[in-house]
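# Structure assessment
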Amino acid sequence: MKLLIVGKLEGQIGAASAIALKSGAEVLQASTINVALDILRSGSGVDVVFFDVKENINEFMESLDAERIKITVYACGVETNAKLAVNAIKAGAKDYIPMPPDAELIGEVFIQISLARHTLVFKDEKMVKMIAQVDQFAKSEASIMITGESGTGKEVIARHIHANSKRKSNR
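Because the structure is predicted, anything quoted here is derived from the model rather than measured.

### A look at the overall build of the protein
Assigned secondary structure in the protein consists of seven helices and five strands. Each helix and strand of the protein, ordered N terminal to C terminal, gives the series β-α-β-α-β-α-β-α-β-α-α-α. At a minimum sequence separation of 6, the contacts of the protein that also span at least 24 residues come to 60%. Counting only carbon and sulfur atoms, one obtains 52% of the accessible surface of the protein, whose full area is about 10,500 Å².

### Considering the pattern of salt bridges
All told, the structure shown has four salt bridges when counted by the stated rule. Of the charged contacts in the structure, one is a salt bridge between Asp 38 and Arg 41, with a shortest N-O distance of 2.5 Å. Within this pair, Asp 38 and its partner Arg 41 are both found in helix 2 (residues 33-41), separated by three residues, close to a single helical turn. Judged by its relative accessible area of 45%, Asp 38 is partly exposed. Counted as one network, the salt bridges with shared partners bring together Asp 38, Arg 41 and Glu 67.

### A few points about the pairing of strand 3 (residues 46-52)
Here strand 3 lies mainly inside the structure; six of its seven residues are buried. As paired elements, strand 3 and strand 4 (residues 72-77) share five bridges and run parallel to each other. Bridge pairing links Val 49 to Val 73 in strand 4. What joins strand 3 to strand 4 is helix 3 (residues 57-66), and the crossover it makes is right-handed.

### A look at the environment of Ser 140
With respect to the element layout, Ser 140 can be found in the loop between helix 6 (125-139) and helix 7 (154-163). For the pair Ser 140 and Lys 166, spaced 26 residues apart in sequence, the C-alpha separation works out to 8.2 Å. Within the local environment of Ser 140, its side chain forms a polar contact with the backbone oxygen of Phe 137, the two atoms lying 2.9 Å apart.

### Considerations on the sheet that holds strand 1 (residues 2-6)
If you trace the five strands from one edge of the open sheet to the other, you get 2-1-3-4-5, paired in parallel fashion. Among the strands making up the open sheet, the edge pair consists of strand 2 (26-30) and strand 5 (95-98). Geometrically, the sheet is characterised by an average inter-axis angle of 30° between neighbouring strands, direction not taken into account. Running over the sheet, helix 2 touches strand 1, strand 2 and strand 3 and is turned about 135° from strand 2.

### Some remarks on unusual backbone geometry
In this structure, Arg 68 is a non-glycine residue whose phi angle is positive, near 55°. The residue Arg 68 is located in the loop between helix 3 and strand 4 in this model.

### Structural notes on the packing of helix 3 against helix 4 (residues 82-91)
At their nearest, the axes of helix 3 and helix 4 sit 9 Å apart, and the two run at 10° to each other. On the basis of the axis angle, helix 3 is roughly parallel to helix 4. Counting all contacts with helix 3, which are made through Ile 57, Asn 58 and Met 61, the residues of helix 4 involved are Asn 87, Ala 88 and Ala 91. Its residues assigned to classes, the contact of helix 3 with helix 4 comprises four nonpolar, two polar and no charged.

### Examining the confidence of the model for the protein
Looking at the protein, the pLDDT average stands at 80 and 77% of residues meet or exceed 70. Mean pLDDT in the protein bottoms out at helix 5 (residues 103-116), which sits at 64, and peaks at helix 3, which reaches 94.

Calculation criteria
- Residues numbered from 1 in each chain as written.
- Predicted model: local features only at pLDDT ≥ 70, side-chain atom pairs only at ≥ 80, totals over all residues.
- Heavy atoms only, no water.
- Helix = DSSP H or I, 4+ residues; strand = E, 2+ residues; numbered from the N terminus.
- Contact = heavy atoms within 4.5 Å.
- Areas by Shrake-Rupley, 256 points an atom, 1.4 Å probe, with all protein chains shown as cover.
- Salt bridge = Lys/Arg side-chain N within 4 Å of Asp/Glu carboxyl O.
- Buried < 20%, exposed > 50% of the residue type's maximum accessible area, 1.4 Å probe, protein only.
- Pairing = 2+ DSSP bridges.
- Right-handed = clockwise from strand over helix to strand, strands pointing away.
- Polar contact = N/O pair within 3.5 Å; in protein donor to acceptor, adjacent residues only side chain to side chain.
- Axes fitted to C-alpha atoms, helices over the stretch in contact; angles between N-to-C directions.
- Parallel < 35°, antiparallel > 145°, perpendicular 65-115°, else oblique.
- Nonpolar A, V, L, I, M, F, W, Y, C, P; charged D, E, K, R; others polar.
- pLDDT = per-residue confidence, 0-100.

So this is what it looks like as structure tokens:
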């Protein structure tokens, strides 16, 4: 999963990004809204945006809407400011996440959000059996080739295998 942080990487958020990167999370940073939009237009595979509430979130959300870019945006800040949080949610942010004033804790938040996006959800008995096999394959050192029709979840299974393999720290 790729995280895009929009805003000035000062203080704790900048240090947190460095921690998240060292831990294997994929983090991109845009200091301005225009740079963020360029990154999103480029097809870089960004999954979620963390938007610093000190920046103009209204302009960013309007730009996303105008360009029909659909992506989850979380507003964040290292200060708890109810007015900025409410404004961000009214503008279209999914939620406001007050960041702890500790760079290591912020880095952990980024990592956990990155990991949470790759959770498999299934109910079908055939899927239960298939995932049990996939989990066995993930423990091996063998290379695995996944085939199937377009849209059947090959990439989802590949991410699951990687997340459960011995190679998961070698991103």
